[in-house]
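Structural features, examined
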Amino acid sequence: MKIYCIPFAFALLLLQACSPAKQLPHSRPELYDHHVHFLSPGFIDFWKKMGIPFSKADHFYSDVDSIFSLSGCEKMKLISMAYVFSSEEFGGGSKDAIDQMRTENDYLAALKSKYPSRISAYYGIDPLQAYAVDEIQRCHKTLKLDGIKLHGNASQIYLTEPVHLQKVKTVFHYASDHKIPVLLHFDNSHPKFGERDVRLLADSVLYGLAFVDLQIAHFGTSGGFTQKTKNVLDAFIGLFNEKHPISTQNIKFDISAVCLDKDSDGVSKLTEAEFLELAGYVRKLGLHRIVFGTDYPLYNAREYLAILKTKLSLTDKEIAQLLADK
Ligand SMILES: [Zn+2]
């Protein structure tokens, strides 16, 4: 497997890990990290057997106390990557994909049970699989987890394909009917991913849904801040400005892995000009539409918040807006 082809969030898990949180003043505000990854011990073994190198000890990825202490946040959205197992590329075409997916989502439930008030648990679903809705129901009704995580690249979701579109709609309808939030890594890594996909999401998936609580990961692409990210954001901002029906829905963008001050696998850190441009987009999109997240273990929360503050010249008021409940 070529490491640089691993979706950004995965690669970061493997190749980079943040430094532990430093001691902080007592008066610090509570930090909610809306984008935190874990891997179960079984998942780590599975990837090790596929030859994927891990730079840190297993507890960085699988032990919830370590994750809290290393990330430095008080609350988190904890994200299962169970969708990986049905992927030819990232799950190696595993014959046990269904069982592995369930085991990973079960492990998420175990982590959540330790800190139920501090963890919002997002289970991994590949919407293109025939068993997708069964697993959503199991995670929702039996495990009582909080939200659905979809990954456009791992699951190779193309809304331009009518069959894919229909399957994604089924998931969003279930989420709407049961008031379940969705965290969407939208980018499928196709070079042409962009405005057309945003339009399809808005017109053919979200339009008319009674309940939407949607978090778009990494400002719409796969980390960093590129022309593609700007195209996706411009498409959403255009819809909001033209008062498209989605403009009144609860749609947020997480800034995890966007404001990079270090190179990471295949993605360059931002130049000073790009930080400035990103700051413009943050304000154009509006802080009421942005949630804080790190893509742990890429950064710890305190470290990344300081980078946002410095590199984007955010005022104290803007930081408060960023961290406010949405
Ligand atoms: Zn991620």
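What you are looking at is a predicted structure, and each value in this text was computed from that prediction instead of being measured. (Residues numbered from 1 in each chain as written. Predicted model: local features only at pLDDT ≥ 70, side-chain atom pairs only at ≥ 80, totals over all residues.)

With that settled, the discussion passes to the packing of helix H10 (residues 227-241) against helix H11 (residues 272-285). Packing of H10 against H11 leaves a shortest axis separation of 11 Å and a crossing angle of 20°. Here H11 runs roughly parallel to H10, going by the angle between their axes. Note on packing geometry: the crossing formed by H10 with H11 is left-handed. Across the interface between the two elements, Lys-230, Leu-233 and Ile-237 of H10 pack against Tyr-281, Lys-284 and Leu-285 of H11. (Axes fitted to C-alpha atoms, helices over the stretch in contact; angles between N-to-C directions. Helix = DSSP H or I, 4+ residues; strand = E, 2+ residues; numbered from the N terminus. Parallel < 35°, antiparallel > 145°, perpendicular 65-115°, else oblique. Left-handed = near helix turned anticlockwise from the far one by under 90°. Contact = placed C-beta atoms within 7 Å.)

Taken as a whole, helix H7 (residues 132-142) has its buried residues at Ala-132, Glu-135, Ile-136 and Cys-139. Angularly, the buried residues of H7 cover 105° about the axis, an arc narrow enough to put them on a single face. Among the exposed residues of H7, those pointing more than 90 degrees away from its buried face are Asp-134, Gln-137, Lys-141 and Thr-142. Buried residues belonging to H7 abut helix H6 (97-114), strand S3 (119-124), strand S4 (147-151) and helix H8 (162-177). (Buried ≥ 20, exposed ≤ 12 C-beta atoms within 10 Å, placed from the backbone. Arc of directions from axis to C-beta.)

So, about the environment of Leu-200. If you trace the backbone, Leu-200 turns up in helix H9 (residues 195-206). Along the chain, Leu-200 and Thr-160 lie 40 residues apart, while their C-alpha atoms are 7.5 Å from each other. Those residues in contact with Leu-200, other than ones at most four positions away along the chain, are Leu-159, Thr-160, Leu-165 and Val-205.

With 18 residues, H6 ought to run about 26 Å at 1.5 Å a step, and its terminal C-alpha atoms sit 26 Å apart, in line with that. Taken together, the buried positions of H6 are Ala-97, Gln-100, Met-101, Arg-102, Glu-104, Asn-105, Leu-108 and Lys-112. (Expected span 1.5 Å × (residues − 1).)

Bringing the confidence of the model for the chain into the picture now. The share of residues in the chain with pLDDT of 70 or more is 91%, and the mean pLDDT across the chain is 91. Note on residues 11-18: pLDDT under 50 across the span, and 33 contacts to partners over four residues away in sequence or across chains. Low pLDDT, under 50, characterises residues 20-26; the stretch is placed with eleven contacts to residues that sit more than four places away or in other chains. (pLDDT = per-residue confidence, 0-100.)

Strands sit in the order S1-S2-S3-S4-S5-S6-S7-S8 across an open sheet of eight strands; the sheet is parallel. Where the open sheet ends on each side, the last strands, each with one partner, are strand S1 (32-37) and strand S8 (290-291). Summarising the sheet, S3 and S4 pair through three bridges and their orientation is parallel. Note on S4: the bridge partner recorded for Tyr-122 is Gly-147. (Pairing = 2+ DSSP bridges.)

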